[in-house]
Amino acid sequence: MTQIQLKAPCTISKLTLAIALALPALTSPITVLAAEEGVNNANASQSKLINFKIPAQPLVDALNAFISASDWQVGFSAELAKNVRATAVDGRYTPQQALERLLAGSGLRYRLTGINSVTLEKAPLETTKAEPTVLKTVSVKADAIRDVKDPYNEDYVLPDATAGTKTDTPIMETPLNVQVVSKQVLKDQQVINLGDALKNVSGVTYGTDSSNVTTGGTAQSITLRGFSSETYFRNGFRLQQGSTTREMANVESVEVLKGSGAVLYGQVEPGGMVNVITKQPLATPYYSAQQQFGSFNLYRSTIEATGPIADNKDVLYRMNLSYENSGSFQDFINNEKIFIAPVVKWNISDKTQATFELEYNHDTLGYANQLVPNYNRQLINIPRSTNYGEPGSKATNDTLFGSINWSHMFNDNWSVKHSMTANHTSLPSLAVIPFSPDLSATGTTIDRTLYQLSNENNTYATNLDLTGQFDTYGLKHTLLLGGDYYRVDRSGSRMSSNWAYDTQIAMFNSVHPGFYQNFDPSGVFLGLTPIPPGTPNGGLVIDPNFSQNLTYKNNNDQYGLYLQDQVKLPYNLHFTGGLRYQYIHQYSFSQYPVQDPSIQALSADKVTPRVGLLWQPQTWLSLYGNYTQNFGANIPVIIYPNGAPPPTSAEQWEVGAKTEFFDGRLRGTLAYYDLTKTNVVSNDPINIGYSILTGAVRSRGPELDIQGEILSGWNVIATYSNTDIIVTKGNTTVGNPDYPAVGSRYFGVPRNTASFWNTYEFQDPLLKGLKFGGGVTVRDGILGWGGDNINVPAPGYATVDLMSSYNLKIGHSKITAQLNVNNLLDKYYYTSVNGGGPPSAAGYSAAFVNFGMPRSLMGSIKVEF
């Protein structure tokens, strides 16, 4: 009988040593057994969870990968393995669990022959007869961490994250602060927007930029470690145009990397990055449908389907659909969202795959630039329903995303991955929006203006990564060599009436006349006509001849080359080091009709490093430190009177500790960082509409993240951060005051933030499937930017959330009914505040704000099969 010899990386294969021992037992009908002798030692070594990533491939190749990852011995005959394929194993398992998955459906089984050694044999055709005598079985925990892609995976803790290293490195071996919000957390909290997911991570806040009239309050703003950004990532692809809130229907998990990811991703904020991981096709068919309904006339329907297209499972698909229709707690706001996301994955061979992805969003959004009066810099608690705009104000967002990526494994150690991605977003809108209080003697009316906006953003990117594993002098390396190119094109126009004093509305007890759009026979927009004429305030009369017409265009080219090496050193030390060369070229054009055009061009390049060291003295404890630098182009703004902002840079030091208990089901991270960013763009307090440069802003403080399962059925998330962020170098713009002043706290960042969330699912058979949960979110007060050099404060707040659910399994189907209550105590609060000009003669001023959601309920019925 022929024997197989396999080669494990840089060693003599243990398969060859075990094959001879396996041959005499090939005809014995033995199940998974272990002799009494050595069972105690086997239990200890076999219960350890290991990170496996073995694709579906011929059994011989899969077993080589299994040996390399587990250090086990496997014996079998050549005839057994002939023409047999192994099932993919991707996740954290004990060696026995991984081997069982590899052999699933192969007609083979394994038999323990010693500590960390097995032999393979044919599975009997009939297992219900002639039960063999079992001396003692090696137990496998049923609640160990499962495949992270399993739709029924209920884990709060995921073992890996790609954001920090672009490789599947266990978080406990990564010298970076990486947090992951799993899909079970998203389900338990019924998360339908990215901001609600991010409240589960310390040091992260989220809102919309209500002061940005070019986006109508639809631009997302994520703040990490005190620095805000409109950027987030989708499977490692940077979306940099400030699009609407991320649709969550096809989101698998959300990764948050604390600190700069510039070495691998180029232009990102130094506070960190958010990486949304989307759902991918599965070889096992899965279908689900969910209907959600909630407060403010919210109705949301989602459908999901995945599985093989052909019987051989070489071509897989996934389709996610969602439709949402909702009102709002604010007047005149009605939203409609349509989302379609098909994915096709082609397993061209055992070592080569290609994936094709599309996403289409069509969102019709109510326009919500909310202005709140304040008196002597104290915000007035007007009703949250107040909207100083008019009915019919709308913004329409269309997004089309396309991606092609392929990968090839040259062998067990070297692989290449290439992706090409394009994203198009358009955001036309027409709205009557508030601008400022009337500066006349009374000062109790709001001036408004008509805006017609058109914005278009296109992003094109390609990325190539070569990953290899090799040994040098007994040290194990994971090498990543890559390059990327990004092209970001932005263009648009803004047309507005005069600061329309004839569209004033009362600050209190407002009356809205309403309007409709007026066009001439050729389709040219003429203005708005009030409905009906003769209403209070004299009706809404707007000059159709727009007097302020701004057009702009911005192109940004970014080229990057990067190198990263992860080295496993003796004594459980892990080193990560990397370098990036970044070149940027930015061109901007903007013009008002009566002014000369503003043309800005910028070219710059730099090499930035990142190094990190982690020591794992125990499997449950990791101590780490890292240093990183950041470099990139500033956002395209105008520095008064006609200048372009220079590039921004940053550097950060961080130290921390990670702990992991209960076979990886509970993890905690405690970190302390010190981060300084230079050339920070801020609003110009003197020349409204322009920007100034703040020389340097420093942020530092501790962060704590805990998530996972404490007891069977009891999951917990707890976070805390203390963000000490101040200005350390003043304004560098000539002719402007030193604002914000050196030593002052920077705008919009709460000092203390914390959150707690927990759920418990009853384990008693009579109550199995019943789950209850709840939590609290706490934020300190913030300082808003003040247009006349005086900050507008917003108070801190705490909100309470609750949930309950019940799931019932009927055959192969699972039905889940769920109810969530958010802001149970109906707390009145603001998530952001931005000042808006000097006070009126009566002492009133105003600030753009985002109201927090009032008390709201969301119910759902979900069917999975």
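Residues numbered from 1 in each chain as written. Predicted model: local features only at pLDDT ≥ 70, side-chain atom pairs only at ≥ 80, totals over all residues. Heavy atoms only, no water.

Digging into the overall build of the chain
In plain terms, the rule: The helix and strand labels rest on DSSP assignments: H or I over at least four residues marks a helix, E over at least two residues marks a strand, and numbering proceeds from the N terminus. The cut-offs for exposure are 20% and 50% of the maximum accessible area for each residue type, with area from a 1.4 Å probe on protein chains only; residues under the lower value are buried, those over the upper are exposed, and the others partly exposed.
In terms of helices and strands, the chain carries eight helices and 48 strands. Per-residue burial over the chain gives 55% buried out of 865 residues.

Regarding the environment of Leu-475
As for its placement among the helices and strands, Leu-475 is situated in strand β27 (residues 475–496). Taking C-alpha positions, Leu-475 is 7.8 Å from Pro-570, a pair spaced 95 residues apart along the chain.

Some points on the sheet that holds strand β47 (residues 844–851)
To keep things clear, this is the line we draw: The pairing criterion for strands is at least two bridges between them, as found by DSSP.
With antiparallel pairing, the four strands of this open sheet are ordered in space as β22-β21-β47-β46. The sheet is open, and its two edges are formed by β22 (378–379) and β46 (830–835), each paired on a single side. As judged from the five bridges shared by β46 and β47, these two strands associate in the antiparallel manner. Each residue of the ladder has a partner; that of Asn-834, found in β47, is Phe-848.

Description of the packing of helix α3 (residues 59–70) against helix α5 (residues 95–103)
Stated formally: Note on geometry: axes are C-alpha line fits, over the in-contact stretch for helices, and angles between N-to-C directions span 0 to 180 degrees. To sort the angles, those under 35 degrees are grouped as roughly parallel, those over 145 as roughly antiparallel, those from 65 to 115 as roughly perpendicular, and the leftovers as oblique. A contact between two residues is defined here by any heavy atoms of the two lying within 4.5 Å.
Taken N-terminus to C-terminus, the directions of α3 and α5 make an angle of 170°; their axes are 11 Å apart at the nearest point. Considering the angle they form, α3 stands roughly antiparallel to α5. Taking contact as the criterion, the partners of Leu-59, Ala-62, Leu-63, Phe-66 and Ser-70 in α3 are, on α5, Pro-95, Ala-98, Leu-99, Leu-102 and Leu-103.

Some details on the sheet that holds strand β15 (residues 272–278)
Taken in spatial order, the five strands line up as β8-β14-β15-β12-β13 in an open sheet, and their pairing is mixed. Across the chains shown, the open sheet's two edge strands, defined by having one partner strand only, are β8 (177–181) and β13 (237–239). Across the sheet, the axes of successive neighbouring strands diverge by a mean angle of 25°, strand direction being ignored. Relative to β15, strand β12 (residues 232–234) is paired through two bridges, and the arrangement is parallel. Bridge assignment links Phe-233 to a residue of β15, and that residue is Asn-275.

Quick notes on the packing of aromatic side chains
Applied cut-off: Pairs were defined over the aromatic rings of Phe, Tyr and Trp, the Trp ring being its six-membered one, requiring ring centres within 6.5 Å. Orientation was assigned from the angle between planes: stacked under 30 degrees, edge-to-face over 60, tilted for the rest. Counting as a charge over the ring demands two things of the Lys NZ or Arg CZ atom: a distance within 6 Å of the ring centre and an angle within 35 degrees of the ring normal.
One pass over the structure, following the stated rule, counts 20 aromatic pairs. Through a chain of ring-to-ring contacts, three or more aromatic side chains come together here, namely Phe-52, Phe-66 and Trp-72. Taking the ring centre of Tyr-486 as reference, the NZ or CZ of Arg-238 above it sits at 3.9 Å. Over the ring of Tyr-624 we find Lys-658, and its NZ or CZ is 5.2 Å from the ring centre.

Thoughts on the confidence of the model for the chain
Where we set the bar: Summary of the metric used: pLDDT quantifies the predictor's per-residue confidence within the range 0 to 100.
Per-residue confidence for the chain gives a mean pLDDT of 82, with 82% of residues at or over 70. Confidence drops under pLDDT 50 across residues 126–145; counting only partners more than four residues distant or on other chains, this segment forms 37 contacts. Counting interchain partners and residues more than four positions distant, the pLDDT-below-50 stretch residues 531–545 has 32 contacts.

Focus on the pairing of strand β48 (residues 856–864)
With seven bridges joining them, strand β16 (residues 286–294) and β48 adopt antiparallel strand pairing. Pairing of Gln-292 across the sheet is with Ser-860, part of β48. For strand β45 (residues 813–822) and β48, the ladder comprises nine bridges, and the chain directions are antiparallel. Considered in β48, the bridge of Ile-815 is made with Val-863.

Re the environment of Tyr-690
With respect to the helices and strands, the residue Tyr-690 is situated in the loop between β36 (666–683) and β37 (691–711). For the pair Tyr-690 and Gly-643, spaced 47 residues apart in sequence, the C-alpha separation works out to 9.9 Å.

A short note on the side chain of Asn-731
Here Asn-731 lies in strand β39 (residues 724–731). The exposure class of Asn-731 is buried, given its relative accessible area of 15%. Apart from the residues lying within four places of it in its own chain, the contact partners of Asn-731 are Ile-692, Leu-693, Thr-694, Gly-695, Asn-736, Pro-737, Asp-738 and Tyr-739.

Some remarks on the pattern of salt bridges
How we decide: Think of a salt bridge as a Lys or Arg side-chain nitrogen and an Asp or Glu carboxyl oxygen that are within 4 Å of each other.
By the definition in use, this model includes 29 salt bridges. A salt bridge links Glu-121 to Arg-109, with the nearest nitrogen and oxygen atoms 2.8 Å apart. A residue pair is termed long-range when its members are at least 10 positions apart, and Glu-121 in strand β7 (residues 117–122) and Arg-109 in strand β6 (residues 108–114) qualify at twelve residues. With respect to class, Glu-121 is no different from Arg-109; both count as buried. Residues Arg-234 and Glu-359 are paired through a salt bridge, measuring 2.8 Å at the closest nitrogen-oxygen approach. Of the two residues, Arg-234 sits in strand β12 while Glu-359 sits in strand β20 (residues 352–366), which places them 125 residues apart along the sequence.

Remarks on the pairing of strand β24 (residues 414–426)
Inspection of the sheet shows strand β23 (residues 394–409) paired to β24 by twelve bridges, in the antiparallel sense. Note that in β24 the partner of Ser-403 across the bridge is Thr-421. Counted between consecutive antiparallel strands, the loop separating β23 from β24 contains four residues.

Focus on a nonpolar patch on the surface
To keep things clear, this is the line we draw: Within this analysis, patches are made of residues with over 30% relative accessible area and no salt bridge. Like charges are joined at 9 Å or less; nonpolar side chains (Val, Leu, Ile, Met, Phe, Trp, Tyr) at 5 Å or less. To measure how exposed things are, a 1.4 Å probe is used in the Shrake-Rupley method; for residues, cover is taken only from the protein chains shown.
On the surface, Ile-303, Leu-321, Tyr-323, Ile-338, Ile-340, Leu-358, Tyr-360 and Leu-400 cluster together to form a nonpolar patch covering roughly 640 Å² of accessible area. Of all the elements in the fold, those that place two or more residues in the nonpolar patch are β18 (315–326), β19 (335–346) and β20. Turning to its location among the elements, Ile-303 is positioned in strand β17 (residues 298–308).

As for α5
Judged by how many residues are buried, α5 sits mostly within the fold: seven of nine residues are covered. Buried residues of α5: Pro-95, Gln-96, Gln-97, Ala-98, Leu-99, Leu-102 and Leu-103, and no others. The first or second residue beyond α5 is Gly-105, which carries a positive phi of 80°.

A closer look at α3
Given 3.6 residues per helical turn, the α-helix brings residues three or four places apart onto the same face. The condition that has to hold: Here the expected length of a helix is defined as 1.5 Å per residue gap, with one fewer gap than residues.
With twelve residues, α3 extends 16 Å from end C-alpha to end C-alpha; this agrees with the ideal 16 Å at 1.5 Å per step. In terms of burial, α3 is a largely internal element, nine of the twelve residues being buried. Of the residues trailing α3, Asp-71 is marked for its positive phi of about 65°.

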